Amino acid sequence: MPRPHVEFLHAQQLLWTAAAFAGAGWRGVEVKVLSRDPGDGACSVLLRLPAGFVRGPHALAAAQEWLLLDGAMQRGSLRYGLDDYAWLPAGQVTDGWSSERGAILLAFFDREPAWLEAGAAAAALPLPPPIERIATHDMPWTSHDIDPSVQFLRLTHKVLRHVPETGEKTLLLATGAQTHPRDWREAQLAHDCVEEMYLLGGDIIGERGTMYEGAYFWRPPGRWHGPFGSRRGSLSLIRFCEGRHHNVWSEDPRPFSLEPMHAPELPPEQRALAGAAWVPPRF
Ligand SMILES: [Fe+2]
């Protein structure tokens, strides 16, 4: 079952709730659910580990991918600080998780992440190689492989994960400040895959409104979007899922405005909480 179209909300509009995933290891962990597949429980969430969080060896039933947004944590012998990234296959046994002062992770699971104690984790087939930790600040920015047609946004990226066989890709993407389409008009874009984004900082202005730090969308394949621009520049985490990313352009240029109407597309359960425009306090 596909996930519903969520475009867009701000995480600040959602409430922290107790993680409702299977397994005692999740006790005490809180989540904000950004999007979820009701069929298999695949989800994108903010995870809040409480101060003093300690868990022993275990595995999750889902592949897990995360970026540490706040605090710090330890996984086995590895320490994760601000903006560190990891991807681990389903079933990989981890020597333990702990966080002395608490941590907030932006996390993606490809099915319900049931908590499995180490003895119960099936280690049947060879697992795909993990990405144990990337210190993303140490990676260089590049504009290699970025479509020149979107370079009015002055894009650079850091590719954190790319699976050539499936096209899955996760990257950090930065846009320049004061960027907009030439002549304030541009065609719209679509992709044959899901595009998912969490805005880590700055702003992105698009046809559905203005996104600030904490903005999130899950856009199913084939949806026209844009044109985009930014007042202050932006840094986002983008995932391309369920197919390969390439840009398909419409034949219908649309005007770009620095003050678009707020026009989100949200599933019914999110409309009441996140349907109104959200603006960070500025003055
Ligand atoms: Fe796109």
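Residues numbered from 1 in each chain as written. Predicted model: local features only at pLDDT ≥ 70, side-chain atom pairs only at ≥ 80, totals over all residues.

1. Things to note about the overall build of the chain
- Looking only at helices and strands, the chain has one helix and 24 strands in total.
- Its C-alpha radius of gyration of 19 Å places the chain within 12% of the 19 Å reference for a compact globule of 283 residues.
- Here the C-alpha coordinates of the chain stretch approximately 60 × 40 × 35 Å along the principal axes.
- Considering the chain as a whole, with its 283 residues, one finds that 34% of them fall into the buried category. (Helix = DSSP H or I, 4+ residues; strand = E, 2+ residues; numbered from the N terminus. Rg over C-alpha atoms; globule rule 2.2 N^0.38 Å. Buried ≥ 20, exposed ≤ 12 C-beta atoms within 10 Å, placed from the backbone.)

2. Topic: the environment of Arg161
- With respect to the helices and strands, Arg161 occurs in strand β15 (residues 156–162).
- Residues Arg161 and Ile131, 30 residues apart in the sequence, show an inter-C-alpha distance of 8.2 Å.
- With sequence-adjacent residues up to four places away left out, Arg161 is seen in contact with Trp87, Ile131, Lys169 and Thr170. (Contact = placed C-beta atoms within 7 Å.)

3. Description of the pairing of strand β3 (residues 30–36)
- With five of seven residues buried, β3 lies mostly within the body of the structure.
- One ladder, built from two bridges, connects strand β2 (residues 17–18) with β3; its direction is antiparallel. Paired with Ala18 across the bridge in β3 is Glu30.
- The pairing of β3 with strand β4 (residues 43–49) spans six bridges and is antiparallel. Bridge pairing links Glu30 to Arg48 in β4.
- Connecting β3 to the antiparallel partner β4 that follows it, the hairpin turn spans six residues, and Gly41 within it adopts a positive phi of roughly 80°. (Pairing = 2+ DSSP bridges.)

4. A few points about the sheet that holds strand β11 (residues 97–99)
- As summarised here, the arrangement of the four strands in space is β5-β11-β8-β9, forming an open sheet in which the pairing is antiparallel. Each of the sheet's edge strands pairs with one partner strand only, and the pair in question is β5 (53–55) and β9 (78–80). Neighbour to neighbour, the strand axes of the sheet diverge by 20° on average, direction disregarded.
- Sheet topology note: the strand β8 (residues 73–75)/β11 ladder contains two bridges and is antiparallel. By the bridge assignment for β11, Arg75 is matched with Trp97. (Axes fitted to C-alpha atoms, helices over the stretch in contact; angles between N-to-C directions.)

5. Examining the pairing of strand β10 (residues 84–88)
- With respect to burial, β10 is a largely interior element, five of its five residues being buried.
- Taking every second residue as pointing to the same face, both faces of β10 are buried, with Asp84, Ala86 and Leu88 on one and Tyr85 and Trp87 on the other.
- Strand direction decides the pairing type here: strand β7 (residues 64–71) and β10, joined by four bridges, are antiparallel. Bridging from a neighbouring strand, Leu67 pairs with Tyr85 of β10.
- With three bridges connecting them, β10 and strand β14 (residues 131–135) associate as antiparallel partners. Bridged to Asp84 within β14 is Ala135.

6. Re the sheet that holds β2
- Read across the open sheet, the seven strands follow the order β2-β3-β4-β12-β7-β10-β14; overall the sheet is antiparallel. Every interior strand has two partners, whereas the edge strands, β2 and β14, have only one.

7. Section: the nonpolar core
- Grouped together as the largest cluster of nonpolar side chains are 60 residues, with contacts concentrated most on Trp66, Leu67, Leu68, Leu105, Leu106, Ala107 and Tyr216.
- No fewer than three residues from each of domain 1 (6–138) and domain 2 (148–273) sit in this core.
- If sequence neighbours within four positions are ignored, Leu105 has contacts with Leu47, Trp66, Leu67, Leu68 and Leu69. (Core = buried A, V, L, I, M, F, W, Y, C linked by C-beta atoms within 7 Å. Domains from an automatic or database assignment.)

8. Things to note about the environment of Phe21
- Among the secondary structure elements, Phe21 is positioned in the loop between β2 and β3.
- Taking the C-alpha atoms as reference, Phe21 lies 20 Å from Pro4; in sequence the two are 17 residues apart.
- The contacts of Phe21, once residues within four sequence positions are left out, are Trp26, Glu112, Pro113, Ala114 and Trp115.

9. So, the domain arrangement of the chain
- What the domain assignment reports for the chain is domain 1 (6–138) and domain 2 (148–273).
- Centre-to-centre separation of domain 1 and domain 2, based on C-alpha positions: 25 Å.
- Across the boundary between the two partners, domain 1 contributes 21 residues, which contact 24 residues of domain 2.
- When contributions to the side of domain 1 that touches domain 2 are tallied by element, the ones reaching two or more residues are β1 (6–10), β3, β7, β10, β12 (103–109) and β14.
- Broken down by element, the residue count for the side of domain 1 that touches domain 2 peaks at five residues, all from β1.

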